[in-house]
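Residues per chain are reported as follows:
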Amino acid sequence: MDYPQRRLAGWILAAFAITFQVLVNIPVGGGYLRLGASDLLLPVFAGVVAWHAARHPAQVPRWIVPGLWFWLAALTAWLTVALVIGHGRIGAWQEWALVNKFAGWFVLVAYLVVGGWVAQFAGRPDEDRFVRWLAVLAAGLSLVSLARYLVMQAVNPELYPRLEGIAGNPNSFGCLLAVAWVVLVAVQSDRQVMSVRHFHWTIVSLNIGLLYAGSRSSWLGLVLGLAVLQAFHCIPWRPLLRASAVSAVLCALIAQVPPFIHATIPPEDAPNLSEPYFLRPSMVDDTGVSHRVRLMREALALWQENPVAGVGLGTFYWADRQAHGGTGAVIHNTALWLLTETGLVGVALFGGFFLAGTLRLWRRLRLEPDPLGVGILATLAIFLGASVGMEAMYQRHLWFLAGYALALRPPLRQAPV
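Residues numbered from 1 in each chain as written. Predicted model: local features only at pLDDT ≥ 70, side-chain atom pairs only at ≥ 80, totals over all residues. Heavy atoms only, no water.

Chemist: Run through the overall build of the chain, naming residues and quoting values.
Modeler: Counting its secondary structure elements, the chain contains 15 helices and 2 strands. Taking 417 residues into account, the globule formula puts the C-alpha radius of gyration at 22 Å, and the chain, at 22 Å, falls close to it. Once the C-alpha set of the chain is aligned to its principal axes, its extents read approximately 70 × 60 × 35 Å. Here the chain, with 417 residues, has 54% of them falling under the buried criterion. Of the contacts made within the chain by residues no fewer than 6 positions apart, 80% connect residues no fewer than 24 positions apart. Taken as a whole, the chain presents about 18,200 Å² of accessible surface, with 68% of it coming from carbon and sulfur. (Helix = DSSP H or I, 4+ residues; strand = E, 2+ residues; numbered from the N terminus. Rg over C-alpha atoms; globule rule 2.2 N^0.38 Å. Buried < 20%, exposed > 50% of the residue type's maximum accessible area, 1.4 Å probe, protein only. Contact = heavy atoms within 4.5 Å. Areas by Shrake-Rupley, 256 points an atom, 1.4 Å probe, with all protein chains shown as cover.)

Chemist: For unusual backbone geometry, give the residues involved together with the corresponding values.
Modeler: The residue H233 is not glycine, and still its phi comes out positive at about 55°. One can find H233 in the loop between α8 (216–231) and α9 (237–254). Classification of H233 as exposed rests on a relative accessible area of 67%.

Chemist: Run through the packing of aromatic side chains, naming residues and quoting values.
Modeler: To describe a pair of aromatic rings, one takes the distance between the centres and the angle between the planes. Evaluated as defined, the whole model comprises 17 aromatic pairs. Ring centres of W71 and F353 lie 6.1 Å apart, and the angle between their planes is 45°; on these two criteria the pair is classed as tilted. Residue W71 is found in helix α3 (residues 68–90), and its partner F353 is found in helix α13 (residues 334–367); the two are separated by 282 residues along the sequence. Relative to F106, the ring of F102 lies with its centre 5.3 Å away and its plane at 80°, an arrangement referred to as edge-to-face. In this pair, F102 and F106 are both assigned in helix α4 (residues 95–121), 4 residues apart and thus about one turn of the helix distant. You can call F102 buried: its relative accessible area is 16%. Exposure remark for F106: the relative accessible area of 41% places this residue in the partly exposed category. (Phe/Tyr/Trp six-rings, centres within 6.5 Å; stacked < 30°, edge-to-face > 60°.)

Chemist: Any chance you could break down the packing of helix α5 (residues 124–152) against helix α6 (residues 170–188) for me, citing the residues and the numbers?
Modeler: The description of two packed helices rests on the angle between their axes and on the distance between the axes. It is at 9 Å that the axes of α5 and α6 come closest, and there the two elements cross at 140°. The pairing of α5 with α6 is recorded here as oblique in orientation. As for the relative orientation of α5 and α6, their crossing is left-handed in sense. The segment α5 lies against α6, with D128, V131, L134, A135, A138, L141, S142 and S145 engaging F173, L176, L177, A180, V183, L184 and V187. For the contact of α5 with α6, the residue count by class is 12 nonpolar, 2 polar and 1 charged. (Axes fitted to C-alpha atoms, helices over the stretch in contact; angles between N-to-C directions. Parallel < 35°, antiparallel > 145°, perpendicular 65-115°, else oblique. Left-handed = near helix turned anticlockwise from the far one by under 90°. Nonpolar A, V, L, I, M, F, W, Y, C, P; charged D, E, K, R; others polar.)

Chemist: Mind laying out helix α2 (residues 37–55), listing which residues take part and the relevant values?
Modeler: Compared with the 27 Å implied by 1.5 Å per residue over 19 residues, the 29 Å span of α2 between its first and last C-alpha is a close match. Approximately 30° is the largest bend angle found in α2, and it occurs at P43. (Expected span 1.5 Å × (residues − 1). Bend = angle between axes of the 7 residues up to and from the residue.)

Chemist: Outline the nonpolar core, listing residues and values.
Modeler: W105, V118, W181, Y212, L229 and F400 are the most contacted members of the largest nonpolar core, which has 127 residues in total. The leading source of residues in this core is α6, at 14 residues. Not counting residues within four places of it along the chain, the set of residues in contact with W181 comprises I203, L206, N207, L210, L222, L226, L229 and L240. (Core = buried A, V, L, I, M, F, W, Y, C linked by side-chain atoms within 4.5 Å.)

Chemist: Explain the side chain of S387 to me, and be specific about the residues and the numbers.
Modeler: Here S387 lies in the loop between α14 (371–386) and α15 (396–406). A relative accessible area of 13% means that S387 is categorised as buried. Polar side-chain contacts of S387 include one of 2.7 Å to the backbone oxygen of L384. In contact with S387, other than residues within four places in its own chain, are H332, N333, T334 and A392. (Polar contact = N/O pair within 3.5 Å; in protein donor to acceptor, adjacent residues only side chain to side chain.)

Chemist: Could you give me a rundown of the confidence of the model for the chain, with the residues and numbers involved?
Modeler: The predicted model of the chain has a mean per-residue pLDDT of 89, with 91% of residues at 70 or higher. Considering only residues more than four positions removed or in separate chains, one finds that residues 412–417, a stretch of pLDDT under 50, has 13 contacts. (pLDDT = per-residue confidence, 0-100.)

Chemist: So what's going on with the packing of α3 against α13? Residues and values would help.
Modeler: Direction vectors running N to C along α3 and α13 enclose 160°, while the axes themselves pass 10 Å from each other. Judged by the angle between their axes, α3 and α13 are roughly antiparallel. Judged by the sense of rotation from one axis to the other, the crossing of α3 with α13 is left-handed. The residues of α13 that touch α3, namely those facing L68, W71, L72, A74, L75, W78, L79 and A82, are E341, T342, V345, G346, L349, F350, G352, F353 and A356. Here the residues of the contact of α3 with α13 are counted per class, giving 13 nonpolar, 3 polar and 1 charged.

Chemist: I'd like a rundown of the pattern of salt bridges, residues and numbers included.
Modeler: Enumeration according to the criterion identifies 10 salt bridges in this entry. Across the salt bridge formed by R396 and D39, the nearest N and O atoms sit 2.8 Å from each other. Within this pair, whereas R396 is found in helix α15, its partner D39 is found in helix α2, the two being separated by 357 residues in sequence. In this structure, E127 engages R191 in a salt bridge whose closest nitrogen and oxygen atoms are separated by 3.7 Å. Taken together, the positions of E127 in helix α5 and R191 in the loop between α6 and α7 (196–213) put the pair 64 residues apart, joining distant regions of the chain. R191 carries the same exposure label as E127, and that label is buried. When salt bridges that share partners are traced, they join E127, D128, D190 and R191 into one network. (Salt bridge = Lys/Arg side-chain N within 4 Å of Asp/Glu carboxyl O.)

Chemist: Could you give an account of the side chain of T342, with specific residues and numbers?
Modeler: Residue placement: T342 occurs in helix α13. When its relative accessible area of 0% is taken as the criterion, T342 is described as buried. One polar contact links the side chain of T342 to the main-chain carbonyl oxygen of L338, over a distance of 2.5 Å. With residues near it in sequence (within four places) discarded, T342 still touches W78, L79, A82, V308, A309, G310, W337 and V347.

Structure, rendered in structure tokens:
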């Protein structure tokens, strides 16, 4: 029998598999607001979940993390304190703090809760479709972005030096590709969500996209994700090594395309030849690295003014605009951002929440093997690694997948009886 809750859970998974991959930057005040296509669907899904919970209190998501609602309440309370501290320091309510960070926090909580609700009703076919659509679309966006990259070699290579998909920037796109990679590999190691041939070419496309996105943060995250998959014996080494060898050959061939294009253009019209980002000798010491180092030094200096409670939400962004002009910069390190703006208290709360969730999920997966759960645990590892070089806490799919994995649900995820 088909149940309305199960159908809805399947629709939510399918919709998010597509819309998580679309992000746009909308100018707001002196900065920007990152809006995802999934954000447009979230109020509808969250409203349905709230309505269903009001009618069926027994089906409100329960969690493997004891006191999760109290964790969320404590985190919300401390972010409120940080917002007030920031207002007191700046003397006004800053849009970046109020909208991007504070209101954005409630969006993340909504993703978490919706993910937990979906986990109660989604069946294995729904999960497999989610994994398949997420990976195939991400692979397709890799190829489309690669085509755009090659076309730009004849126009101006510096206008599109790295693949971005439609995720707004290379780091977000790289993390999305890494998540699709680990989730697909984890589930495919247990059962076929796609044919062997389709799996091979999907992994090849994701590999190429990851290289040409040039996101060092996502590379580091993927290494940690691979470690998690290996710990649970969820890596089919033979097909992956075969796909990696094909990816390396294709990347070597693709790298010859820009010089060929350059040679066909008259010298007076030819743009400067640009190497792929991952082949540049300056990749480990370029302006991006030096920029991040400067931001970290300034953030640490600012944090020392109020180590315990932090300098307040949005204060670093505001201070950077005051000091350097422009739209302002964010701290490209999640832990350092939390330390600077929410203090030692904020780091303890958010770090404790992340650690509690990760350890509980690890223990559950040791007792109840679940390939998708392992893929989500690897996703948490990806964002832990990526957060070293980017502010990764506000990634939508991280919170939805975390809610999905942290919810208590029947092991086989059959329809309720």
